[in-house]
Amino acid sequence: DGFGILVGNPPYAAIGERKDFDSLTPRFASLRGGKVSQRANLYSLFVEMMWRFTKPGCNAAALVTPLSIAFHGGAQYENCRHAMSWNGGRWQFAFFDREPHALFGEEVKTRNAILFRFESVETPKRGEAANIETGPLRKWTSRTRVSLFQTIDFTAVDSVEITAGIPKLGGVSQAEAFMALKRRLDRFPSLTLRIGTCEVDEALNGEESPKVFVGGTAYNFLNVYRPACLLPDERGVPLSESPVHNLEFKTEAEARAAFAILSSRLTFWLWHVLGDGFHVAGWLYKSIPFGRDSFAKDEFDSLSRLGDVLWRKLQDHRFTSVNGGRQTIGFRPLACNEERDAIDTILAKAAGLKEEFVTELRSFVQKNAVVDSTDERRNHMRKHFAETITR
């Protein structure tokens, strides 16, 4: 009748050349649809075994997988998540970052998810929509690792559809805000003329234009900036070869308002909820639920003014990092609390979110960056929030 308990750590590797591939295709939802090849990752088939190998209506299963189970947009992963959604039971998802420390320790730096699945007389039957409980993308240090698993909890989001992705949410307030934003029809691209990519030197050539640039990776903040120029002490080191997102606008006022939206804590939080906590891809702009018609005139004018003020203030928070002999220019907004509070307040009001969610966003960003407030080695991150701590 199937096993009562299933626990596993499947291989994270390509299916590879195998004679039985054609026979696997009709048996596993992850491989269906004609878009999945033998280069597909093997672990999603093991996820399906969480209900294929277990006794219907009475079992528990747990699997540790890559974080890509939550966000990857490939056909294999969407097929797998759709099957997870419609085979009943109750799912619980715990997500783990790779910095400062990783789930498997310092020797294996990967981002992971632990999937828990339960079936009982009280859970939906197979063929019915599963109950979904999720959690945030967790970070920890060596000092807090011992208590990590004692602090894991889950938030029910039963009405969410996970085929496109599993949101990483911490608490009821975040879940309510996410669902409210998800229901909105406005989207950020309606505010732009064009969204593409460009080389870093194009963004830093000193040419003034209604553009906004966004770095292709992020961690504690999105690297959002306006057209700028290299400083004298930056001209001797080659720039990063990684392209940046290039967003073009019709007017300078629109570019300033867009800069404010992209620099907000709300946008950073949404990126964290939907992505992998590192890469910044084009899907982000389609997911931001604010567009040309989202704001009254006075709200839009305020966003534009705040975007201009924030960009000017960020000149004092410019930094460079060198990797492989090439430098990346960044603008860190963590200490710009007054401007980001005001921007988040406008966005929250426009989306009908609770006022206290702005405070939660501030706390989320700080906890995400500092991670462990008792560790003196994290002082370099705490200093960016001195103004918030004083408050």
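Predicted model only: the values in this text are computed from it and were never measured.

**A short note on the packing of helix 2 (residues 43-52) against helix 4 (residues 75-85)**
Right, so step 1: Their axes nearest at 10 Å, the elements helix 2 and helix 4 cross at an angle of 10 degrees. With respect to each other, helix 2 and helix 4 are oriented roughly parallel. Along the contact surface, helix 2 presents Tyr 43, Ser 44, Val 47 and Trp 51, while helix 4 presents Gln 76, Tyr 77, Cys 80, Ala 83 and Met 84.
Right, so step 2: Partitioning the contact of helix 2 with helix 4 into residue classes produces seven nonpolar, two polar and no charged.

**A look at unusual backbone geometry**
With glycine set apart, most residues show a phi of negative sign, and most peptide bonds adopt trans.
Right, so step 1: With an omega of -5 degrees, the peptide bond between Glu 99 and Pro 100 qualifies as cis.
Right, so step 2: Position of Pro 100 relative to the elements: it lies in the loop between strand 3 (90-96) and strand 4 (112-119).
Right, so step 3: With a phi close to 70 degrees, Val 371 is a non-glycine residue in the positive phi region.
Right, so step 4: Mapped onto the secondary structure, Val 371 falls in the loop between helix 12 (356-370) and helix 13 (379-382).
Right, so step 5: With a relative accessible area of 23%, Val 371 lands in the partly exposed category.

**Quick word on the sheet that holds strand 9 (residues 211-214)**
Right, so step 1: Reading across from one edge, 8-11-9-10 is the order of the four strands in this open sheet, with antiparallel pairing throughout. The two strands at the open ends of the sheet, each matched to only one other strand, are strand 8 (194-198) and strand 10 (224-225).
Right, so step 2: Where helix 7 (residues 252-263) meets the sheet, it contacts strand 9, strand 10 and strand 11 (244-248), and its direction lies at approximately 20 degrees from that of strand 9.

**Some words on the nonpolar core**
Right, so step 1: Membership of the largest hydrophobic core comes to 99 residues, with the highest contact counts inside it found for Met 84, Trp 91, Phe 188, Trp 269 and Phe 290.
Right, so step 2: Aside from chain neighbours lying at most four places away, what touches Trp 91 is Val 47, Met 50, Trp 51, Met 84, Leu 115, Phe 116, Arg 117, Ala 130, Asn 131, Ile 132 and Glu 133.
Right, so step 3: Core analysis: the next-biggest nonpolar cluster, separate from the first, contains 10 residues, Phe 28, Val 36, Ala 40 and Met 49 among them.

**Notes on a nonpolar patch on the surface**
Right, so step 1: A surface patch of nonpolar side chains, amounting to about 230 Å² of accessible area, comprises Tyr 12, Phe 104 and Val 108.
Right, so step 2: Position of Val 108 relative to the elements: it lies in the loop between strand 3 and strand 4.

**Re the environment of Gln 76**
Right, so step 1: Turning to its location among the elements, Gln 76 is positioned in helix 4.
Right, so step 2: Once the C-alpha coordinates of Gln 76 and Ser 30 are considered, the two residues, 46 residues apart in sequence, prove to be 4.8 Å apart.
Right, so step 3: Those residues in contact with Gln 76 that sit more than four places away from it in its chain are Ser 30, Val 36, Ala 40, Asn 41 and Ser 44.
Right, so step 4: Here the side chain of Gln 76 touches Asn 41 through a polar contact of 2.5 Å, landing on its backbone oxygen.
Right, so step 5: Side chain to side chain, Gln 76 and Ser 44 meet in a polar contact 2.9 Å long.

**What about helix 4?**
Right, so step 1: Turning to helix 4, its buried residues are Gln 76, Tyr 77, Cys 80, Arg 81, Ala 83, Met 84 and Ser 85.
Right, so step 2: Contacts from the buried residues of helix 4 go to helix 2, helix 3 (68-71), strand 3 and strand 4.

**A look at the pattern of salt bridges**
Right, so step 1: The tally for this structure, following the rule as stated, stands at 27 salt bridges.
Right, so step 2: A salt bridge links Glu 176 to Lys 354; the nearest nitrogen and oxygen atoms lie 3.4 Å apart. Here the residue Glu 176 occupies a position in helix 5 (residues 172-183), and Lys 354 occupies one in the loop between helix 11 (337-351) and helix 12, the gap between them amounting to 178 residues.
Right, so step 3: We note a salt bridge from Glu 252 to Arg 256, for which the minimum N-O separation is 3.4 Å. Taken together, the residues Glu 252 and Arg 256, both in helix 7 and four residues apart, mark about one turn of the helix.
Right, so step 4: A relative accessible area of 27% places Arg 256 in the partly exposed class.
Right, so step 5: What emerges from the salt-bridge pattern is a single network uniting Arg 226, Glu 252, Arg 256, Asp 308 and Arg 312.

What counts, and at which threshold
Residue numbers restart at each chain and count upward from 1, following the sequence in its written direction. Where totals are concerned, whole chains, interfaces and linings use all residues; where local detail is concerned, this predicted model gives features only for residues with pLDDT of at least 70, and gives and counts side-chain atom pairs only at 80 or more. Hydrogens and water are ignored here; the side-chain numbers use all heavy atoms of the structure. To obtain each axis, a line is fitted to C-alpha atoms, and for helices this fit is confined to the stretch in contact; angles are then taken between N-to-C directions over 0 to 180 degrees. Comment: elements are numbered from the N terminus, with helices defined as DSSP H or I runs of at least four residues and strands as E runs of at least two. Each angle gets one of four labels, with under 35 degrees taken as roughly parallel, over 145 as roughly antiparallel, 65 to 115 as roughly perpendicular, and the rest as oblique. By definition in these notes, contact holds between two residues if any of their heavy atoms fall within 4.5 Å. Note that Gly is not counted as nonpolar here; it falls among the polar residues with everything else outside the nonpolar set of Ala, Val, Leu, Ile, Met, Phe, Trp, Tyr, Cys and Pro and the charged set of Asp, Glu, Lys and Arg. Each residue's exposure class comes from its accessible area (1.4 Å probe, protein chains only) as a fraction of the maximum for that residue type: buried when under 20%, exposed when over 50%, partly exposed otherwise. DSSP-based pairing: two strands are paired if at least 2 bridges between them are found. Among buried residues, those of type Ala, Val, Leu, Ile, Met, Phe, Trp, Tyr and Cys that are joined through side-chain atoms within 4.5 Å constitute a nonpolar core. Excluding any residue in a salt bridge, patches collect residues exceeding 30% relative accessible area, merging like charges within 9 Å and nonpolar Val, Leu, Ile, Met, Phe, Trp and Tyr side chains within 5 Å. Under the convention used here, a 1.4 Å probe and the Shrake-Rupley method define accessible areas, while residue burial counts only the protein chains that appear. Salt bridges are defined as contacts in which a side-chain nitrogen from Lys or Arg sits within 4 Å of a carboxyl oxygen from Asp or Glu. N or O atoms closer than or at 3.5 Å make up a polar contact, with two conditions inside protein: a donor-capable atom paired with an acceptor-capable one, and, for residues adjacent in sequence, both atoms drawn from side chains.

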